[in-house]
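# Coordinate analysis (summary)
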Amino acid sequence: MKKIIVLGSLNMDLTIQSDSIPVKGETIHGYDFFTNPGGKGGNQAVAAAKLGSNTEMIACVGDDMFGKEMISKLDSYGVKTSNVMVADGVATGVAVIIRCEKDNRIILGSGANYEINFEDVKTRFDKIANEGDIFLTQLENRYEVVVESLKYAKEKGLYTVFNPAPARVLDKEVYKYLDLIVVNQSECQLLTDIYPENEESCKKALLEFKSRGCNGIITLGSKGSITLIDDEIFFVEPIDVEVVDTTAAGDSYIGALCNYLSEDRSFVDAMKFASKVSSITVMKKGAQVSIPSKEDVIKFDKEYKL
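We now turn to the structure provided with this report. Computed from a prediction, not measured in an experiment: that's the story for all the values here. (Residues numbered from 1 in each chain as written. Predicted model: local features only at pLDDT ≥ 70, side-chain atom pairs only at ≥ 80, totals over all residues. Heavy atoms only, no water.)

### Comments concerning the pattern of salt bridges
- By the definition in use, this model includes eleven salt bridges.
- The salt bridge partner of Asp126 is Lys156, with a shortest N-O separation of 3.6 Å. With a gap of 30 residues between them, Asp126 in helix α3 (residues 118–128) and Lys156 in the loop between α4 (143–155) and β9 (159–162) connect regions that are remote in the sequence.
- Asp231 is the salt-bridge partner of Lys210, the closest N and O atoms lying 2.4 Å from each other. One end of the pair, Lys210, is in helix α6 (residues 199–212); the other, Asp231, is in the loop between β12 (225–229) and β13 (232–236), and 21 residues separate them in sequence.
- The class for Asp231 is partly exposed, based on a relative accessible area of 34%. (Salt bridge = Lys/Arg side-chain N within 4 Å of Asp/Glu carboxyl O. Helix = DSSP H or I, 4+ residues; strand = E, 2+ residues; numbered from the N terminus. Buried < 20%, exposed > 50% of the residue type's maximum accessible area, 1.4 Å probe, protein only.)

Pasting the structure below:
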């Protein structure tokens, strides 16, 4: 099995439920407050590890209570944390999450996530990365560090997977370092000026990514996910489940996708599996705690007769 190396964020999620989103100057009552380890990088690494992948995390936390808990939780889920750095005098990253009407609003405090530099990544890469491994990253670390890391991973012969979130416009050269880009609808619109709302617009956006040098997957929320196979649209329908919390839906999808690809399984089957894992994830509250294990997926298959 190929190794999955994740460069990304570790944030403590501070989550609260509300019946509405407060407007400027307004204070409202919330309920069901809880804390839970998260961060897009951490969530994606946990998803891959829970499903059985050999997963290495490159990240940074602060020397504080949240940082210690973050590393402990990653260890418990099977993510290798020897390359998680601890920064003195800097707070661990946080995400303040408001859950409302089965959706969420998130505010990030980057903290120690911004302490990683490219030399940190390169040093760790040279110790753990082998040709053919999967490199997965996002945009919750410094942009220039992410770009240099993608470039280095590509040069070393790794399969590079990029989830450009939080969304921002990318330099054109970035695409040549990518094997696969995974975006949601709003990220796709920002990057391509195309909002993927139907088959025609999805195909147009995916062909745009291909023209820039990489394959693409667009996740469509409750409507499934879509890609191009031999320049033809391939659509994976969602599984109808009761949605409780969408916080880690996209991250679990990407981690599960990499899990399947690390075992040299087909791209189509990887997307189907990722959609299933994402469906299970949204049935529970929280981020990493809601992501299913391999045993949970087997149980789900039996219950839903898949």
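### Here's the deal with the pairing of strand β6 (residues 93–100)
- By the bridge criterion, seven bridges tie strand β2 (residues 11–17) to β6 in an arrangement that is parallel. Paired with Ile16 across the two strands is Ile98, which belongs to β6.
- Here β6 pairs with strand β7 (residues 103–109) via seven bridges, running antiparallel. Residue pairing in the sheet places Ala95 in a bridge with Leu108 of β7.
- The turn linking β6 back onto β7 is made up of two residues, and Glu101 within it adopts a positive phi angle of 55°. (Pairing = 2+ DSSP bridges.)

### Here we look at the sheet that holds strand β3 (residues 31–38)
- In spatial order, the strands read β3-β2-β6-β7; together these four strands make up an open sheet with mixed pairing. Looking at the sheet topology across the chains shown, the edges are occupied by β3 and β7. Direction aside, the axes of adjacent strands within the sheet are offset by 20° on average.
- Of the pairings in the sheet, the one linking β2 to β3 comprises six bridges and is antiparallel in character. (Axes fitted to C-alpha atoms, helices over the stretch in contact; angles between N-to-C directions.)

### Remarks on the layout of surface pockets
- Roughly 1,300 Å³ of internal volume is contained in the largest pocket.
- Taken together, 45 residues make up the lining of the largest pocket; nearest its centre are Asn184, Thr246, Thr247, Ala249 and Gly250.
- Looking at the lining of the largest pocket, the elements with two or more residues in it are β2, α1 (40–50), β6, β7, β10 (180–184), α5 (185–192), α7 (249–261) and α8 (267–281).
- For the lining of the largest pocket, the element with the most residues is α7, which contributes five residues.
- Of the residues that constitute the lining of the largest pocket, the class distribution is 18 nonpolar, 19 polar and eight charged.
- Of the pockets and cavities examined, the second largest pocket occupies roughly 200 Å³.
- Together, 13 residues line the second largest pocket, and Ile280, Asp296, Lys299, Phe300 and Glu303 are the ones closest to its centre.
- It is helix α9 (residues 294–304) that provides the largest number of residues to the lining of the second largest pocket, a total of five residues. (1 Å grid on protein atoms, 1.4 Å probe; cavity = no way out; pocket = protein on both sides within 12 Å on 5 of 7 lines; lining within 4 Å. Points joined across faces, edges and corners; volume = space filled by probe spheres on them. Nonpolar A, V, L, I, M, F, W, Y, C, P; charged D, E, K, R; others polar.)

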